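An overview of the molecular structure
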Amino acid sequence: EPEVTQTPSHQVTQMGQEVILRCVPISNHLYFYWYRQILGQKVEFLVSFYNNEISEKSEIFDDQFSVERPDGSNFTLKIRSTKLEDSAMYFCASSPGINSPLHFGNGTRLTVT
Amino acid sequence: SQQGEEDPQALSIQEGENATMNCSYKTSINNLQWYRQNSGRGLVHLILIRSNEREKHSGRLRVTLDTSKKSSSLLITASRAADTASYFCATLDYGQNFVFGPGTRLSVLP
């Protein structure tokens with residue numbers, strides 16, 4: 001069964017550094033998402049992406065965040081200048097339709113020191 | 001405001017018992033979905049119930065939906081230790097994106 005893959009599984013970075021989290025969604029899916037989960041807490045929506053542009057973004061998704069689908073297969077989340085509070089699990093998800101179930105990757109654990 | 005809210009926040013039961021988790025939401029919905037998350041892993045879709053459905057079954061899972069009360073329940077029958085996980089409900093918010101509640105942490109003791 002096709003699955004969403006995310007790399008790296010764990011990323012450690014220093015405060016102020018830029019990080020890029022990578023995702024390969026399921027190939028025939030049209031909607032792409034990034035969520036984050038601070039340890040043991042709720043799963044928070046960051047951004048959705050459809051037709052090569054951002055559909056919606058949350059208050060969390062401020063100017064330090066950006067997303068890109070550079071080559072038709074990868075879907076990346078960039079954090080320009082990381083803060084301690086950006087430490088979390090970041091999940092990529094994709095779906096074939098707006099009301100369809102989301103397929104999640106196993107996440108990237110980002111640790112900002 | 002929270003779109004999906006699960007309760008209880010944590011539930012501990014013995015293997016073989018049934019586990020019931022509830023979810024409340026605020027807006028009109030097209031469907032409501034339940035997901036499971038094992039510790040440190042991504043969420044896995046379990047079951048989707050449409051707004052015109054009242055009950056749905058999948059194996060040991062039973063989901064009910066009461067649109068008049070804006071609530072849903074997930075029942076896991078004959079629980080197993082492997083069912084230990086967090087369970088989340090999700091609905092579309094006003095921005096047409098899925099919003100997850102804080103989840104119910106289920107522990108099934110052998």
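Up top you'll find the structure we're talking about.
The following refers to the structure shown.

The rules behind the values
Residues numbered from 1 in each chain as written. Chains lettered and ligands numbered in written order. Predicted model: local features only at pLDDT ≥ 70, side-chain atom pairs only at ≥ 80, totals over all residues. Heavy atoms only, no water. Pairing = 2+ DSSP bridges. Helix = DSSP H or I, 4+ residues; strand = E, 2+ residues; numbered from the N terminus. Axes fitted to C-alpha atoms, helices over the stretch in contact; angles between N-to-C directions. Polar contact = N/O pair within 3.5 Å; in protein donor to acceptor, adjacent residues only side chain to side chain. Contact = heavy atoms within 4.5 Å. Disulfide = S-S within 2.5 Å. Buried < 20%, exposed > 50% of the residue type's maximum accessible area, 1.4 Å probe, protein only. Core = buried A, V, L, I, M, F, W, Y, C linked by side-chain atoms within 4.5 Å.

1. Section: the sheet that holds strand β1 (residues 5–7) of chain B
Residues and elements named next belong to chain B. Taken in spatial order, the five strands of this open sheet run β1-β3-β8-β7-β6, and their pairing is antiparallel. Only two strands of the sheet have a single neighbouring strand rather than two, namely β1 and β6 (55–58). On average, adjacent strands in this sheet sit at an angle of 20° to one another, irrespective of strand direction. The pairing of strand β3 (residues 19–24) with strand β8 (residues 71–76) spans six bridges and is antiparallel. The partner of Met 21 across the bridge, within β8, is Leu 74.

2. Looking at the side chain of Thr 64 of chain B
Residues and elements named next belong to chain B. Secondary-structure assignment places Thr 64 in strand β7 (residues 61–66). At a separation of 2.5 Å, a polar atom in the side chain of Thr 64 contacts the side chain of Ser 73. Those residues in contact with Thr 64 that lie beyond four places of it in its chain are Ile 49, Arg 54, Glu 55, Ser 71, Ser 72 and Ser 73.

3. Some thoughts on the state of the cysteines
In this structure the tally under the stated criterion is two disulfides over all chains. Across the disulfide from Cys 23 of chain A sits Cys 92 of chain A; the S-S distance is 1.9 Å. On the sign convention where negative means left-handed, the S-S torsion of about -60° between Cys 23 of chain A and Cys 92 of chain A marks this disulfide as left-handed. Within this pair, whereas Cys 23 of chain A is found in strand β3 (residues 19–24), its partner Cys 92 of chain A is found in strand β9 (residues 88–95), the two being separated by 69 residues in sequence. For the pair formed by Cys 23 of chain A and Cys 92 of chain A, the shared burial category is buried. A disulfide bridge connects Cys 23 of chain B with Cys 89 of chain B, and the sulfur atoms are separated by 2.0 Å. The chirality of the disulfide connecting Cys 23 of chain B with Cys 89 of chain B is right-handed, given an S-S dihedral of about 70°. Taken together, the residues span a long stretch of sequence, with Cys 23 of chain B in strand β3 and Cys 89 of chain B in strand β9 (residues 85–92) at a distance of 66 residues. You can call Cys 89 of chain B buried: its relative accessible area is 0%.

4. Quick notes on the nonpolar core
Ranked by size, the top nonpolar core spans 21 residues in total, and within it Trp 34, Leu 46, Phe 61, Val 67, Phe 75, Leu 77 and Tyr 90 of chain A carry the most contacts. Looking at this core, the elements with two or more residues in it are β3, β4 (31–37), β5 (43–50), β7 (65–68), β8 (75–79), β9 and β11 (108–112) of chain A. Formed by 20 residues, the second largest nonpolar core is a distinct cluster that contains Leu 32, Leu 74, Ile 76 and Tyr 87 of chain B.

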